[in-house]
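Geometric and topological summary
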Amino acid sequence: MTARGRVQAVLGPTNTGKTHYAIERMLSYRTGVIGLPLRLLAREVYDRIVAKRGPSVVALVTGEERIVPERTQYWVCTVEAMPEGLGADFLAIDEIQLCADPERGHVFTDRLLRARGFQETMFLGAATMRGAIAALVPEATFHTRERFSELTYTGSRKISRMPARSAIVGFSVDSVYSIAEVIRRLKGGAAVVMGALSPRTRNAQVEMYQNGDVDYLVATDAIGMGLNLDIRHVAFSSTHKFDGRRMRPLQPNELAQIAGRAGRHTEDGTFGVTGEARPLHEDLAEAIVGNRFAPVTKLQWRNSRLNFANLGGLIASLEEHTHHELLTRARDADDVLALKSLASSVDVRNRANNTKSIRLLWDVCRIPDFRGISETEHAALLEQIYGFLHDQGRIGDDWMAAQVRRIDRTEGDIDALSKRLAYIRTWTYVAQRQGWLDDESHWREVTRSVEDRLSDALHARLTQRFVDRRTSVLLRRLKEKESLVAEVNDKGEVTVEGQFVGRLEGFRFSQDKAATADEAKTLRQAAVAALAPEFHLRADRFYNAPDTELDFTDQGGLMWGEHAVGKLVAGAETLRPQVKAFVDDEAGHDVAQKVQRRLQHFIDRKVAAAFEPLLAMSRDEALSPQAKGFAFRMLEGQGVIPRDAIANEVKALDQETRGQLRKHGVRFGQFTIFMPLLLKPAPTRLRLLLWSLERNLDDFPSAPPPGLVTVPTDAQAPEGYHAMAGYRPAGQRSIRIDMLERLADLLRAQDTRGGFEATPDMLSITGMTLEQFADLMQGLGYKAERGERQKVKPVAPAAVPAAEDAAPAEDLPAEVAAVTDPEGDDPLADPAAAEAVVPAVDAEGPMLAEEVSEAAGPETDVAAEPDLLSVEPSAEETGAAPAAGEQIVVADAPEAQPEAPAEAPVEGETVTEVFYTFAWAPRRRGGDRSGGGRRSSRGEGGGQGRGDGKPRSEGGKPRGKGKPGGKRDWNKDGPRKDQGAKVYSAKPQRKEKAIDPDNPFAAALMGLKDKG
């Protein structure tokens, strides 16, 4: 390169606009070339010039990239790749202070000494080079530029307290990655910039930082070489670096070169240390701030006049020393080390036997060791390439394709992709050499495409690992104090500014569970800011939602669709529960109050609808004082009270009071006082919930499935649960209280003292097998004695059609039910119990129709009950009851053999039948009651009761004459003569009383009266 034109040195610290000034000067000439220290910086400058002059006149030449248009006017190059002999009007070398760098300094020194432009040559760099340039280039003129902004030292800071728009500098890949990982957790993410990155990856990372996706940059000292970034603070994580040979402390001017990147143009910047780096000495910090450093006194130099006569001569010329006081021979670089290694190979020496082959060998040795595996590995690769070029004149396409194909894979982690990028850089460099490949353009395109794919994949992996886009975006928007936009989809997923942050469940925000603890605060802060309007909109929708969208759970939760919006808590009264809304504090007081009011309205209406009969009765002012008192007790019991709990109160009620209560649907059952309408599933479910709230249970029991007559008895259930559920425990199973009352009606027709067997109606009501029914009866206070007997089984039902309709009772399972009295006596001994159920056949005769009408509750469907008044008693009912435990064989009994057609007599086989005999077995609580018996509800005689006070015989059977079972057939025997025409009621008969038309069972009662 010839020395022509003027030479000037533009010196000064960073952020003085030196590079910008050089570009403007170059563009003022017709042609120009600028040499830059980094491939990344060369690409940045190339893009800037292309934006001004277009791509057709701008060339980019680096070791791995070559873009040279036909009409090139301006060349942007790395210093090592600057072509010689261009004859450009303008030439500039940036970062000229790198002449002192032990690794690359000799290249910069060579350009300082030999590179010139025809009209103007410009050296850009630090003021420390003034003396050296003045001594080596006497014709140079100097221009000093001052920094546009001030630089301040701020000392040491933790990474967690690092301000936004900061660059944290590390000096190894591991250090950079570990710092980026910490920033991701604390700040949402960081961009990563290293010299080893491809320009495409580096540009993508820088763009992410520049546009504000992340507020932090983690980089090596590559950012110190002219990269223009919007950095306000630079923090050193270490003040030592590995220079390829050893760990050494950074020189003050090196620290200043990096720290000077803080502050852009006129905006001031700061610098400091972080992590394990020790705070800078005060003098050092002041020197960096004031840009006062010792001048460069030694420049790295290597002989550029090489001897290609023979291999030994080439090595000797590279090892030649200089005698200039400012120059020092550079240590052997990678290319010299590779040459010496190859020179030891016999094959290489045999091939390098002339000037041309030695020049070729030196060109091969200058391939950079991008892979960085080892000197031996690098030398082996170079020897292979040299062999192809020397022997064949070209590198074979097949071999080249195999090398590229092994690298062209985008899977793997950051380390794997970084290695592949380093490997492809080798083949990119090879493809840029002229004459080394048959189709250079093809391989340049191929290697460039592979590098781009790997670069994109590496950028994606870096972003995935070191950037939490969600946190970074939210932090940026929060910092900008702009209103955040929240969206809630139909699944309740909340996105803020397009980032998923969690779910809105009712009026409570549940942030993303996958978020780390460090992200939690940011997510919560962003969600609260963005969801404020959404809470109000949702509260309005909820307040206007119909009751069909709301429901309560068995545990007291209040649901809006699938989301819990509150829970029930006990109120001052059982039927007036209160609600507690589930609303985040951030939603505000107004939203919470609106949700609270809507939930209270919902549950109040639910209670009013479910317990309407009960509440209407409690508000009836027409009730007598006694009826009002009893209605209050029913209100306390939520419409279901075991009779033994209020036996005395029931006995104290006169018939008029009972009539008033019956009009409101109260049924005086033998075991339970209840309102049948409140046994439906909805009231039962709500009653159990309110009962559980009142008792402050930890776990609320659930209602049995609707429609079941019996359910298994839960021995672990809280006391009173079964009654609230509408059931009465009886052995291993519990029976529904309304069905129990129907069973009691059937039992009243049996000889409960002498013993009886079950009827088909009893099994039908309970839906049980014989064994289950026996357990039920024992649970009700009866003893069940098992027996077996022989019976004749019909051969075929088709052969005896007449026998099907007249099958005797023995053909069906015989089961019996009885009822226990709270005090242990016969349940029929209580006159109130006798009048509380729909009357059936009494042992001495039926009740009058008027009594049936009076005793029937509002839900009693008389027409639907079996017509027990017209049922003919079976042979067992009219005959003597079997003794307890006695086995009866009835195979020869005439009634046990069904009639068959005369022309075809049928003989069946004899089988053993299991049956149970049930008898009342009172269980006394605390001794005998005085009187032992009870007065009949029908006057002084009839019924199964005994008003004479005679002692009972052992086994519970009454002493005296009469049938053992004490049972009479009303249709055959008529009333007892000693009773005469006595009235079967506890009060005068009211035949002429009109039936209340408001009674829901008026029609059924009118029909029954008409039959009478």
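These figures come from a predicted structure and were not determined experimentally.

**Observations regarding the overall build of the protein chain**
A tally of regular secondary structure across the protein chain gives 34 helices and 34 strands. In the protein chain, buried positions account for 50% of the 1012 residues. At a minimum sequence separation of 6, the contacts of the protein chain that also span at least 24 residues come to 71%. Accessible surface computed for the protein chain: about 47,400 Å², of which carbon and sulfur atoms make up 49%.

**Observations concerning the sheet that holds strand β10 (residues 166–169)**
Sheet architecture is open: six strands sit in the order β9-β16-β13-β10-β12-β11, paired in parallel fashion. Two strands bound the open sheet, and with one partner strand each, they are β9 (151–157) and β11 (191–193). Ignoring which end each strand starts from, the neighbouring axes of this sheet average 25° apart.

**Notes on the pattern of salt bridges**
Under the criterion given, the structure shown has 52 salt bridges. Across the pair aspartate 456 and arginine 200 runs a salt bridge, and its minimum N-O distance is 2.7 Å. One end of the pair, aspartate 456, is in helix α16 (residues 440–466); the other, arginine 200, is in helix α6 (residues 199–210), and 256 residues separate them in sequence. Given the relative accessible area of 39%, arginine 200 is considered partly exposed. Residue arginine 748 is joined to aspartate 745 by a salt bridge in which the shortest nitrogen-to-oxygen separation is 3.5 Å. Residue classification places arginine 748 among the buried residues on the basis of a relative accessible area of 6%. You can call aspartate 745 buried: its relative accessible area is 5%. One network of salt bridges, in which partners are shared, links Arg43, Asp47, Glu65, Arg200, Arg448, Asp452 and Asp456.

**Notes on the sheet that holds strand β5 (residues 74–78)**
The strand order across the open sheet formed by eight strands is β4-β3-β5-β2-β6-β7-β1-β8, and the pairing between neighbours is mixed. Looking at which strands have only one partner, the edges of the open sheet turn out to be β4 (66–67) and β8 (141–144). Strand contacts of helix α2 (residues 39–53): β2 (32–36), β3 (58–61), β4 and β5, with the helix running at about 165° to β5, the strand carrying the most contacts.

**Structural notes on helix α23 (residues 655–663)**
Along α23, the residues that are buried comprise Gln655, Thr657, Arg658, Gln660, Leu661 and Arg662. Looking one or two residues beyond α23, the residue adopting positive phi is glycine 665, at roughly 95°.

**Digging into the packing of aromatic side chains**
Applying the stated criterion across every chain, the model contains 15 aromatic pairs. Summarising the aromatic geometry, the rings of tyrosine 29 and phenylalanine 90 are spaced 5.8 Å apart at their centres and angled 20° between planes, so their arrangement reads as stacked. With tyrosine 29 in the loop between α1 (18–27) and β2 and phenylalanine 90 in strand β6 (residues 90–93), the pair connects residues that are 61 residues apart, well separated along the chain. Overall, phenylalanine 90 belongs to the buried group, its relative accessible area being 0%.

**Quick word on the nonpolar core**
Ranked by internal contacts, the top residues of the largest apolar core, which has 64 residues, are Leu339, Leu361, Val364, Ile385, Ile395 and Trp427. In terms of residue count, the dominant contributor to this core is helix α15 (residues 414–432) (eight residues). Core analysis: the next-biggest nonpolar cluster, separate from the first, contains 59 residues, Leu41, Trp75, Ala92 and Ala222 among them.

**A look at the environment of valine 348**
Summarising the element assignment, valine 348 is placed in helix α11 (residues 346–351). Along the primary structure valine 348 and leucine 361 are separated by 13 residues, whereas in three dimensions their C-alpha atoms are 8.6 Å apart. Apart from the residues within four sequence positions on either side, valine 348 is in contact with Leu342, Leu361, Glu383 and Tyr386.

**Regarding the packing of α15 against α16**
Helix packing for two helices is described by the angle between their axes and how far apart those axes are. At a minimum axis distance of 9 Å, the contact between α15 and α16 shows a crossing angle of 160°. By the angle between their directions, the pair α15 and α16 is classed as roughly antiparallel. Read as a crossing pair, α15 and α16 show a hand that is left-handed. Residues of the contact of α15 with α16, tallied by class, amount to 13 nonpolar, five polar and six charged.

**A word on unusual backbone geometry**
Positive phi outside glycine occurs at asparagine 15, with the angle close to 60°. Looking at the secondary structure, you find asparagine 15 in the loop between β1 (6–11) and α1. Owing to a relative accessible area of 16%, asparagine 15 belongs among the buried residues under this scheme.

**Some details on helix α5 (residues 173–187)**
With 15 residues, α5 should cover 21 Å at 1.5 Å per step; its first-to-last C-alpha distance of 20 Å lies within 8% of that length. Here α5 has its buried residues at Val176, Tyr177, Ile179, Ala180, Ile183 and Lys187. Seen along its axis, α5 keeps its buried residues to an arc of 165°; they face one direction. Positive phi appears at glycine 188, one or two residues downstream of α5, with a value of about 100°.

**Here's the deal with the pairing of β5**
For β5, the tally of buried residues reaches five of five residues, placing the bulk of the element in the interior. Here β5 shows two buried faces, one formed by Tyr74, Val76 and Thr78 and the other by Trp75 and Cys77. Note that β3 and β5 share four bridges and pair parallel. Each bridged residue has a counterpart across the sheet, and for valine 61 the counterpart in β5 is cysteine 77.

**Section: the environment of valine 711**
Along the polypeptide, valine 711 turns up in strand β30 (residues 710–712). On the accessibility criterion, valine 711 (8% relative accessible area) is buried. Residues in contact with valine 711, not counting those within four places in the same chain, are Pro704, Tyr727, Gln732, Arg733 and Ser734.

**So, the packing of helix α10 (residues 334–343) against helix α13 (residues 375–392)**
Remark: α10 packs on α13, axes separated minimally by 10 Å, with the N-to-C direction vectors making an angle of 70°. What the angle tells us is that α10 and α13 run roughly perpendicular. Along this stretch, α10 crosses α13, giving a crossing that reads as right-handed. Contact residues: Leu337, Ala338, Ser341 and Leu342 in α10; Glu375, His378, Ala379, Leu382 and Glu383 in α13.

**Let's talk about the confidence of the model for the protein chain**
Detailed reading of predicted coordinates is not advised where the pLDDT is low. Averaged over every residue, the pLDDT of the protein chain is 79; residues scoring 70 or more account for 76%. Within the model, pLDDT remains below 50 along residues 798–906, and this stretch shows 236 contacts once partners closer than five positions in the same chain are excluded. Counting interchain partners and residues more than four positions distant, the pLDDT-below-50 stretch residues 925–992 has 103 contacts.

**Side note on the environment of methionine 617**
Mapping methionine 617 onto the fold places it in helix α20 (residues 612–618). In this structure, the C-alpha to C-alpha distance between methionine 617 and leucine 635, residues 18 residues apart in sequence, is 8.8 Å. When residues no more than four places from it in sequence are discounted, the contact partners of methionine 617 are Leu623, Ala631, Met634, Leu661, His664, Val666 and Met675.

Rules and cut-offs
- Residues numbered from 1 in each chain as written.
- Predicted model: local features only at pLDDT ≥ 70, side-chain atom pairs only at ≥ 80, totals over all residues.
- Heavy atoms only, no water.
- Helix = DSSP H or I, 4+ residues; strand = E, 2+ residues; numbered from the N terminus.
- Buried < 20%, exposed > 50% of the residue type's maximum accessible area, 1.4 Å probe, protein only.
- Contact = heavy atoms within 4.5 Å.
- Areas by Shrake-Rupley, 256 points an atom, 1.4 Å probe, with all protein chains shown as cover.
- Pairing = 2+ DSSP bridges.
- Axes fitted to C-alpha atoms, helices over the stretch in contact; angles between N-to-C directions.
- Salt bridge = Lys/Arg side-chain N within 4 Å of Asp/Glu carboxyl O.
- Phe/Tyr/Trp six-rings, centres within 6.5 Å; stacked < 30°, edge-to-face > 60°.
- Core = buried A, V, L, I, M, F, W, Y, C linked by side-chain atoms within 4.5 Å.
- Parallel < 35°, antiparallel > 145°, perpendicular 65-115°, else oblique.
- Left-handed = near helix turned anticlockwise from the far one by under 90°.
- Nonpolar A, V, L, I, M, F, W, Y, C, P; charged D, E, K, R; others polar.
- Expected span 1.5 Å × (residues − 1).
- Arc of directions from axis to C-beta.
- pLDDT = per-residue confidence, 0-100.

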